[in-house]
Structures are given as C-alpha cells and as structure tokens.
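# Understanding the architecture of this molecule
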Amino acid sequence: MPKHEFSVDMTCEGCSNAVTRVLNKLGGSCFDHLHFKQEGTEVQRGVQFDIDLPNKKVCVDSEHSVDTLLETLGKTGKAVSYLGPK
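All chains use their own residue numbering, which begins from 1 and follows the written sequence. Reporting of local features is limited, given that this is a predicted model, to residues whose pLDDT is at least 70; pairs of side-chain atoms are given and counted only at 80 or more, and all residues count toward the totals for whole chains, interfaces and linings. Side-chain numbers come from the whole structure's heavy atoms, not from hydrogens or water.

### A closer look at the packing of aromatic side chains
- Under the pairing criterion, centres of Phe, Tyr and Trp rings, with the six-membered ring standing for Trp, must be within 6.5 Å; the plane angle then separates stacked pairs below 30 degrees from edge-to-face pairs above 60, leaving the rest tilted. Within this structure, the stated rule accounts for 1 aromatic pair.
- With a centroid separation of 5.2 Å and an interplanar angle of 55 degrees, the aromatic rings of phenylalanine 6 and tyrosine 82 are classed as tilted. Taken as a pair, phenylalanine 6 in strand β1 (residues 3–8) and tyrosine 82 in strand β6 (residues 80–85) lie far apart in primary sequence, 76 residues in all.
- A 1.4 Å probe rolled over the protein chains alone gives each residue an accessible area, and that area as a share of the maximum for its type sets the label: buried under 20%, exposed over 50%, partly exposed in between. Phenylalanine 6 gets classed as buried once you look at its relative accessible area, which sits at 0%.
- For tyrosine 82, a relative accessible area of 31% gives the class partly exposed. Counting from the N terminus, the helices are the DSSP runs of H or I reaching at least four residues and the strands are the DSSP runs of E reaching at least two.

Below you can see the structure in the form of structure tokens.
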C-alpha cells in the first residue's frame, strides 16, 4: 500500500485522538487494534497510520486517494496539508 505523509496542526493528545477517530472511521467498522502510544500506530482494514504528535505529522499507509485522506483528516477541524509520499 502507498504511504503518504501529512502535516496536521495537532497541539495535544486530544488532537491526535481526533485524528485516530476519523481514520478509524475511514476503514469501516472492522478495527484491529495493535498498539497505541503518543507517536501511535493503529492498524485497521485498509488503513495503517502513525501519529507523530511532537512533529505534527501523520503517516498513512492506505489504498485511499490523497484527496480522500485529506478530506478525512480535515474532519478533525485541524489545518491539514499533504507533504508527499513517504
């Protein structure tokens, strides 16, 4: 699956939780939780992502288009920009 890196204006754990919530919804209701830490790794059907809160970056490994991922991350209410493939 292609990996994409995004800048997301996250300032706290609540912000990273919002990112986790919207990306969890992207893959449907089937969610396989592996582990989560502040830099976080979550895995679910069709979507894997890493959250780097201190650097305000989210790396998403998914077959979804960049536009879909931008729209999904935008649902957090945070400023989001695409940094490029990882």
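### Considerations on the nonpolar core
- In these notes, a set of buried Ala, Val, Leu, Ile, Met, Phe, Trp, Tyr and Cys residues joined through side-chain atoms within 4.5 Å is what counts as a nonpolar core. In this structure, Val8, Met10, Val19, Leu23, Val58 and Val60 are the most contacted members of the largest nonpolar core, which totals 15 residues.
- Listed by contribution, the elements that provide at least two residues to this core are β1, α1 (13–26), β4 (47–52), β5 (57–62) and α2 (66–74).
- The biggest single contributor to this core is α1, with 4 residues.
- Setting aside residues no more than four positions away along its own chain, valine 58 makes contact with His4, Glu5, Phe6, Val8, Met10, Val19, Leu23, Asp50 and Ile51. Any two residues whose heavy atoms approach within 4.5 Å are treated as being in contact.

### Looking at the pattern of salt bridges
- Salt bridges are defined by distance alone: a side-chain nitrogen of Lys or Arg within 4 Å of a carboxyl oxygen of Asp or Glu. Enumeration over the complete set of coordinates arrives at 2 salt bridges.
- Linking glutamate 5 and lysine 86 is a salt bridge whose minimum nitrogen-to-oxygen distance equals 3.8 Å. With glutamate 5 in strand β1 and lysine 86 in the segment after β6, this residue pair connects regions lying 81 residues apart in the sequence.
- The class of lysine 86 is exposed, set by a relative accessible area of 60%.
- For aspartate 9, the salt bridge identified is with lysine 56, shortest N-O distance 3.4 Å. Linking aspartate 9 in the loop between β1 and α1 with lysine 56 in the loop between β4 and β5, this pair joins segments that are 47 residues apart in sequence.

### Brief notes about the environment of lysine 75
- Within the secondary structure layout, lysine 75 lies in the loop between α2 and β6.
- You can call lysine 75 exposed: its relative accessible area is 58%.
- Sequence separation between lysine 75 and alanine 18 is 57 residues; the distance between their C-alpha atoms is 8.7 Å.

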